[in-house]
Amino acid sequence: MAGTVLVELREGVLELTLNRPEKLNAFNEAMHAELRAALERAEREETVRAVLLTGAGRGFCAGQDLGERVMGEGDTSPDLGDALERLYNPLVRRIRALPKPVVCAVNGVAAGAGANVALACDIVLAARSATFVQAFTRIGLLPDSGGTWLLPRLVGDARARALVLLAEKVDAETAAAWGLIWKAVDDGRLLEEARALAAGLARGPTRAYAAAKRALQAAWHNGFDAQLDLERDLQRELGRSEDYREGVRAFAEKRAPVFRGR
Ligand code: T3D
């Protein structure tokens, strides 16, 4: 039986396809578990040097599977804090902290936590027909999975507040124009472009990417001096890497570098 996440390693890229298309790839416990295992593999295996996340069918991900949350008269309310603590928070933390680039190809609607998981990735491409919707307030919730942290930082407070309170769909072109994502591409070219981009990153200096991700994440809370200190420490480490040596040698020899991620 096909899993809820399809996993394929190609050209150093671990391609992860959310695979519950009949539910627009909404998250259930099984999909969380399979995605977690795949991301752990991405972190562990040296042959994996980038990750590509996408969705099967016409949607990217519709957030939490609401079928698991329907309550009858007299049912006790679910502990959503527990669901965030066990499932969503570790997921977005894992994506942000993964020491390898994570590319997201948003192939269709990205709603609720599905939108915020996409936005947690390093480089987000979206099909022109894709949409993003902070659907949470439609069902009486607030954005989670890092949405309230990430949105104002990406698009500014005014747009973040409107996105959250109005819970309206934003199309991919607008998302790109606002800086919510990297770019919108023609539907038929999305996967091809995302794969080429991820494969290029997989051939790149993996340790430099990891350090850059770490520094960019720290920049959100560090002051200028702390950030300069962090850059100094990380650059010191990178200066001892094989990839740096190769990069400089290739530059001097006027050829393309061959980075091994070491
Ligand atoms: O609970 C916790 O653990 C706390 C954490 C919460 C995190 C969250 O993500 S909360 C937010 C949950 N998500 C939503 O509220 C989004 C719900 N879905 C929608 O608003 C719409 O489906 C979309 C805007 C995403 C897409 O609209 P549209 O018109 O393109 O498609 P549709 O017809 O509404 O959906 C197609 C099918 O997918 C449909 O099934 P059916 O009728 O054909 O059998 C629909 O029920 C199903 N579907 C869509 N979203 C979900 C879903 N099934 C389960 N859960 C979903 N989230």
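Residues numbered from 1 in each chain as written. Predicted model: local features only at pLDDT ≥ 70, side-chain atom pairs only at ≥ 80, totals over all residues. Heavy atoms only, no water.

Within the chain, the regular secondary structure consists of 10 helices and 10 strands. Taking the principal axes of the C-alpha coordinates as reference, the chain spans close to 70 × 45 × 35 Å. Here the chain holds 262 residues, and the buried ones make up 45% of them. Put simply, of all contacts in the chain between residues at least 6 apart along the chain, 68% involve residues at least 24 apart. Of the roughly 13600 Å² of accessible surface on the chain, a fraction of 54% belongs to carbon and sulfur atoms. Across the chain, the centroid of the 36 positively charged side chains sits 5 Å from that of the 36 negatively charged ones. (Helix = DSSP H or I, 4+ residues; strand = E, 2+ residues; numbered from the N terminus. Buried < 20%, exposed > 50% of the residue type's maximum accessible area, 1.4 Å probe, protein only. Contact = heavy atoms within 4.5 Å. Areas by Shrake-Rupley, 256 points an atom, 1.4 Å probe, with all protein chains shown as cover. Lys, Arg positive; Asp, Glu negative; His and termini not counted. Charge placed at Lys NZ, Arg CZ, Asp CG, Glu CD.)

Further remarks concern the sheet that holds strand β1 (residues 5-10). Strands in a sheet are paired, the pairing made by backbone hydrogen bonds, and the direction either parallel or antiparallel. In space, the six strands of this open sheet follow the order β1-β2-β3-β5-β7-β10, with mixed pairing throughout. What marks the edges here is a single partner per strand, and that holds for β1 and β10 (183-185). Between one strand axis and the next, the sheet turns by 20 degrees as a mean value, whatever way the strands run. In terms of strand pairing, strand β2 (residues 13-18) meets strand β3 (residues 50-55) through six bridges, oriented parallel. (Pairing = 2+ DSSP bridges. Axes fitted to C-alpha atoms, helices over the stretch in contact; angles between N-to-C directions.)

Counting residues in each nonpolar core, the largest one holds 62 residues, and the members touching the most others are L16, L35, F60, V106 and F132. Excluding its chain neighbours within four sequence positions, the residues that come into contact with V106 are F60, A118, V124, L125, A126, A127, A130, F132 and L190. One finds A211, A218, L230 and L234 within the second-largest nonpolar core, a separate group that totals six residues. (Core = buried A, V, L, I, M, F, W, Y, C linked by side-chain atoms within 4.5 Å.)

With that settled, consider the confidence of the model for the chain. On average, residues of the chain carry a pLDDT of 97, and 100% of them reach 70 or more. Ranking the elements of the chain by mean pLDDT puts helix α8 (residues 206-219) last with 97 and strand β5 (residues 102-106) first with 99. (pLDDT = per-residue confidence, 0-100.)

On to unusual backbone geometry, then. If you check the backbone angles, L24 has positive phi at about 50 degrees while not being a glycine. Under the relative-accessibility criterion, L24 is labelled partly exposed at 22%. A positive phi is found at K254, a non-glycine position, where the angle reads about 55 degrees. By the secondary structure assignment, K254 is in the segment after α10 (242-252). When its relative accessible area of 79% is taken as the criterion, K254 is described as exposed.

Spatially, the four strands line up as an open sheet ordered β4-β6-β8-β9, and their pairing is mixed. The outermost strands of the open sheet, each flanked by one partner alone, are β4 (59-61) and β9 (170-171). Strand direction decides the pairing type here: strand β8 (residues 131-133) and β9, joined by two bridges, are antiparallel. Note on β9: the bridge partner recorded for F132 is V170. Its contacts with the sheet put helix α3 (residues 113-120) on β4, β6 (109-111) and β8, and the angle it makes with β6 is roughly 100 degrees.

Let's shift gears to the site of the ligand. Close to the ligand lie 25 residues, the nearest being A62, Q64, L66, R69 and A113. Backbone polar atom of Q64 to a nitrogen atom of the ligand: 2.8 Å apart, as the coordinates give it. Measuring from an oxygen atom of the ligand, one finds a side-chain N or O atom of R69 at 2.7 Å. About the coverage of the ligand: the protein hides 68% of its 1000 Å² of free accessible area. Take the shell around the ligand: its biggest share by element is four residues, from helix α2 (residues 80-97). By residue class, the composition of the shell around the ligand is 14 nonpolar, three polar and eight charged. (Near = heavy atom within 4 Å. Polar contact = N/O pair within 3.5 Å; in protein donor to acceptor, adjacent residues only side chain to side chain. Nonpolar A, V, L, I, M, F, W, Y, C, P; charged D, E, K, R; others polar.)

Now for a nonpolar patch on the surface. Taken together, the side chains of L66, L80, I139 and L141 present a nonpolar region at the surface, about 320 Å² in accessible area. Considering the arrangement of structural elements, one finds L80 in helix α2. Overall, the relative accessible area of 33% leaves L80 in the partly exposed class. (Patch = residues over 30% accessible without salt bridge, like charges linked within 9 Å, V, L, I, M, F, W, Y side chains within 5 Å. Salt bridge = Lys/Arg side-chain N within 4 Å of Asp/Glu carboxyl O.)

Another point: the packing of aromatic side chains. Tallied over the entire structure, the rule returns two aromatic pairs. The interplanar angle of 85 degrees and the centroid separation of 5.5 Å between the aromatic rings of F27 and Y88 together place this pair among those described as edge-to-face. Here F27 is found in the loop between β2 and α1 (29-44), whereas its partner Y88 is found in helix α2, with 61 residues between them in sequence. A single burial state applies to F27 and to Y88, both of which are buried. For the ring pair W149 and W220, a centre distance of 5.7 Å and an interplane angle of 75 degrees mean the geometry is edge-to-face. Note that W149 is positioned in helix α4 (residues 147-155) and W220 in the loop between α8 and α9 (224-238), a separation of 71 residues in sequence. Among the residues examined, W149 registers a relative accessible area of 30% and is labelled partly exposed. On the accessibility criterion, W220 (36% relative accessible area) is partly exposed. (Phe/Tyr/Trp six-rings, centres within 6.5 Å; stacked < 30°, edge-to-face > 60°.)

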